Amino acid sequence: TTHLVWFRNDLRITDNRALHAACEDPQARVIAIFIATPEQWKQHEMAPRQATFIYQHLQALQHSLAERGIPLHYHQCDDFADSVSWLKDFCASEKVDALFYNKQYEINERERDLALEKAVSDTVMCHAFDDSLLLPPGSVTTGNDEMYKVYTPFRRAFLARLTESDSRSLPAPQARENVEKPAMHKLMPFDYPLAAIGDDFAIGEEAARNQLRSFCREQVQDYLEQRDLPAIDGTSSLSPYLAIGVLSPRQCLNRLRTECPDVLEKTDGGAFGWLNELVWREFYRHLLVAWPKLCKHQPFVDWTDGVRWRDAPDDLQAWKTGKTGYPIVDAAMRQLNSTGWMHNRLRMIVASFLVKDLLINWREGERYFMSQLLDGDLAANNGGWQWGASTGTDAAPYFRIFNPTTQGERFDKAGRFIKAWLPELADVPERDIHQPHRWADKQHRVLDYPLPVIDHARARKDTLAAFEAAKKRS
Ligand code: FAD
């Protein structure tokens, strides 16, 4: 018999449920496939950096699979529809008896998988696994069997279920017996813009696991004190690996439990604080499945679609390029543009600034983030943007509006982060770093840095009025 493993967002051999199941029968011939779909990726606004990260991990995956006697085939189609018809033919030509894959929960991905299962149903047995989450969507519900709309009760129910569930990590498969090591063909680069990634994120499962281990050993205890300070490496920086499945959430949970065995009892500690973020990741994915409209960029709260957003291309451009005149916003956007990663506190600040100060449609921000992020993930990104825009399930109320200056003062007091990204503010003293023009005026100096594009107090009033008007109209 021939078993085919279809890799998508699970580019690892350790703790991969589909791969593990495909290898269980020692007699089976096991082969693997990855299908690139550049046109689809364009529609999903995938960042060229993320495509490059995937490509590099694919090379690592090809190598690890070959060591185990499993050849990785590679093909490039335009989009998901093409990938279905191509895969059907591939199954026929390779005489595939059983197909193994890990589920993706976004709407286009789910439709693709349904179409494929239908197309091959006469000859191929399909096995789909819940792998990218600690608990599958639909398994954590209210007494009425509905998905939670608010995070805290979701977390309570989630943790209760988690303790009952089997979340052990699976080992990487053994090498296949009596199989020659397959030839390593060079993987053709994707027909997609590629971009340099830098050294912040090493390639490979082992690198990701090492980073996880050292974070859980050395840093997680201080997570609560440090997680909001962008000048410090106080968070795990594992999101790029989790987003493309180089690391699984079970590996994160199990490593955390090994290093901090009392994580579930000591709910005020750093370890629990970090686990809480993993649960946010789950919450947003469960929401996508319960309300597929979220995959189509519709707001969860319908009336918020009536907000009359400003059409302000210059302001949008200033935000994208880090030239709004608000130092914490600009430093954050330059970090994103140059590395593809941004600290969570800063994601919240820049999202609030775009939506609540510039009154620009949150979808512009969501799209721009996707086009830049190394860790771009529809569920987390949409969830984060709808939270910031007060259009989502568990959103901050619309009248809660961050003040970008005081946020900077609170979370980057001495301006260390700001100075790292805005060299034009190098001479500005610490106490003035959040309002540099005030200092420059006193010094009779002219800074090579833009004046604020908008007055926060006025913007706040306009935004409140725009949300109130939309609510009244609904
Ligand atoms: P840690 O603090 O170490 O957290 C561990 C892991 O938990 C992360 O790697 C991530 O997988 C998950 N996580 C942490 N915070 C959140 C959260 N708020 N929501 C969901 N999962 C979370 N995260 C993405 O992975 N991809 C995105 O496209 C994305 N877009 C975002 C957009 C906005 C506007 C906001 C406010 C947040 C977004 N986040 C996104 C969530 C969060 O900012 C990042 O996951 C986090 O900054 C990654 O850094 P880390 O790995 O050091 O996180």
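Given the structure is predicted, the values throughout are model-derived calculations rather than measurements. Think of each chain on its own: its residues are numbered from 1, step by step along the sequence as written. Where local features are concerned, this predicted model is filtered to residues with pLDDT of at least 70; where side-chain atom pairs are given and counted, the filter is 80 or more; whole-chain, interface and lining totals use all residues. With hydrogens and water excluded, all non-hydrogen atoms of the structure serve as input to the side-chain values.

**A short note on unusual backbone geometry**
Of note, S237 is a non-glycine position whose phi angle comes to about 55°, a positive value. Residue position: S237 is located in the loop between α8 (223-226) and α9 (239-244). In this model, H297 sits at a positive phi of 65°, which is unusual for a non-glycine residue. When you line up the elements, H297 lands in the loop between α11 (270-290) and α12 (313-321). The buried label applies to any residue whose accessible area, calculated with a 1.4 Å probe on protein chains only, is under 20% of its type's maximum; exposed applies above 50%, and partly exposed to all values in between. Residue classification places H297 among the partly exposed positions, given a relative accessible area of 32%. Think of it this way: any DSSP run of H or I at least four residues long counts as a helix, any run of E at least two long counts as a strand, and we number them from the N terminus.

**With respect to the sheet that holds strand β1 (residues 2-7)**
Strands sit in the order β3-β2-β1-β4-β5 across an open sheet of five strands; the sheet is parallel. Of all strands in the sheet, those bounded by a partner on one side alone are β3 (72-76) and β5 (125-129). Taken over all neighbouring pairs, the strand axes of this sheet differ in orientation by 25° on average, direction set aside. Strands are labelled as partners when DSSP assigns at least two bridges between them. Here strand β2 (residues 29-36) runs beside β3; their pairing, made up of five bridges, is parallel. Considered in β3, the bridge of A32 is made with L72. Packing against the sheet, helix α4 (residues 80-93) makes contact with β1, β2 and β3, and its axis sits at approximately 160° to β2. Axis geometry follows a simple rule: fit a line to the C-alpha atoms, using only the stretch in contact for helices, then measure angles between N-to-C directions, giving values from 0 to 180 degrees. Throughout, a residue-residue contact means that at least one pair of heavy atoms, one from each residue, lies within 4.5 Å.

**Topic: the site of the ligand**
Around the ligand there are 27 residues in total, and Y223, T235, S236, S237 and N344 lie nearest to it. With respect to the ligand, the backbone of S239 contributes an N or O atom lying 3.0 Å from an oxygen atom. Taking W274, its side chain carries an N or O atom lying 2.8 Å from an oxygen atom of the ligand. Among the cavities detected, the one that contains the ligand is the largest pocket. Looking at the shell around the ligand element by element, the count peaks at six residues for α11. Here the shell around the ligand is composed, by residue class, of 14 nonpolar, eight polar and five charged. Boundaries between domains were set according to an automatic or database domain assignment. When residues are assigned to domains, the shell around the ligand turns out to be shared by domain 2 (133-168 + 205-290) and domain 3 (302-473), each giving three or more. By convention in these notes, a residue is near a molecule or strand provided one of its non-hydrogen atoms lies within 4 Å of it. Pairs of N or O atoms are called polar contacts if they sit within 3.5 Å, as long as, within protein, a hydrogen donor faces a hydrogen acceptor (for residues adjacent in sequence, only side-chain-to-side-chain pairs). Here a cavity means grid points, on a 1 Å grid over the protein atoms only, where a 1.4 Å probe fits yet cannot get out; a pocket means an open set of points with protein on both sides within 12 Å along at least five of seven lines; lining residues are those with an atom within 4 Å of a point. Assignment to a cavity or pocket requires that more than half of a molecule's atoms be within 2 Å of the site's grid points. Any residue that is not Ala, Val, Leu, Ile, Met, Phe, Trp, Tyr, Cys, Pro, Asp, Glu, Lys or Arg is counted as polar, Gly included; the first ten are nonpolar and the last four charged.

**Here's the deal with the packing of aromatic side chains**
The rule is short: rings of Phe, Tyr and Trp, with Trp giving its six-membered ring, pair when the centres are within 6.5 Å, and they are stacked under 30 degrees, edge-to-face over 60, tilted in between. Considering all chains together, one arrives at 30 aromatic pairs under this definition. Judged by centre distance (5.0 Å) and plane angle (55°), the rings of F154 and F283 are tilted. Of the two residues, F154 sits in helix α6 (residues 151-164) while F283 sits in helix α11, which places them 129 residues apart along the sequence. Both residues of the pair, F154 and F283, count as buried. The interplanar angle of 80° and the centroid separation of 6.0 Å between the aromatic rings of W309 and F467 together place this pair among those described as edge-to-face. A residue pair is termed long-range when its members are at least 10 positions apart, and W309 in the loop between α11 and α12 and F467 in helix α20 (residues 456-473) qualify at 158 residues. One exposure class covers both W309 and F467, and it is buried.

**Re empty space enclosed by the protein**
Grid points are joined across faces, edges and corners, and a volume is the space filled by probe spheres set on the points. The full count for this structure, using the stated rule, is four cavities of 30 Å³ or more. Lining the largest cavity are 21 residues, with N9, K103, Q104, S132 and R285 sitting closest to its centre. In terms of residue count, the dominant contributor to the lining of the largest cavity is α11 (three residues). Split by domain, the residues of the lining of the largest cavity number at least three in each of domain 1 (2-130) and domain 2 (133-168 + 205-290). Taken as a whole, the second largest cavity encloses approximately 120 Å³ of empty space.

**Quick look at the nonpolar core**
Counting 80 residues, the largest nonpolar core has F7, F34, F190 and W274 as the members making the most contacts within it. Looking at this core element by element, the count peaks at eleven residues for α11. The contact partners of W274, leaving out residues within four places of it in the chain, are L212, F215, C216, V220, Y223, S236, L238, C252 and L256. Only buried residues count toward a nonpolar core, which is a set of Ala, Val, Leu, Ile, Met, Phe, Trp, Tyr and Cys residues joined through side-chain atoms within 4.5 Å. Counting residues in hydrophobic clusters, the runner-up holds 48 residues, among them V307, L336, V355 and W362.

**Concerning the layout of surface pockets**
Here the largest pocket is characterised by a volume of approximately 1,200 Å³. Around the largest pocket, the lining is made up of 44 residues, and of these R227, E277, W280, N344 and A380 lie nearest the centre. At the level of elements, α8, α9, α11, α14 (344-357) and α16 (378-389) are the ones that each hand at least two residues to the lining of the largest pocket. The leading source of residues in the lining of the largest pocket is α11, at ten residues. Classifying every residue of the lining of the largest pocket gives 19 nonpolar, 14 polar and eleven charged. Counting contributing residues per domain, the lining of the largest pocket is built from domain 2 (133-168 + 205-290) and domain 3 (302-473), each supplying no fewer than three. In this structure, the second largest pocket spans a volume of roughly 760 Å³.

**As for helix α7 (residues 205-219)**
Taking 1.5 Å per residue, 15 residues should reach 21 Å; α7 reaches 20 Å between its end C-alpha atoms and fits that length. E205, A208, L212, F215 and C216 are the residues of α7 that are buried. Down the axis of α7, the sector holding all buried residues measures 95°, keeping them to one side. Projecting away from the buried face of α7 at angles above 90 degrees are the exposed residues E206 and E218. An expected span of 1.5 Å times one less than the residue number is assigned to each helix. The directions considered for the arc run from the helix axis to the C-beta atoms.

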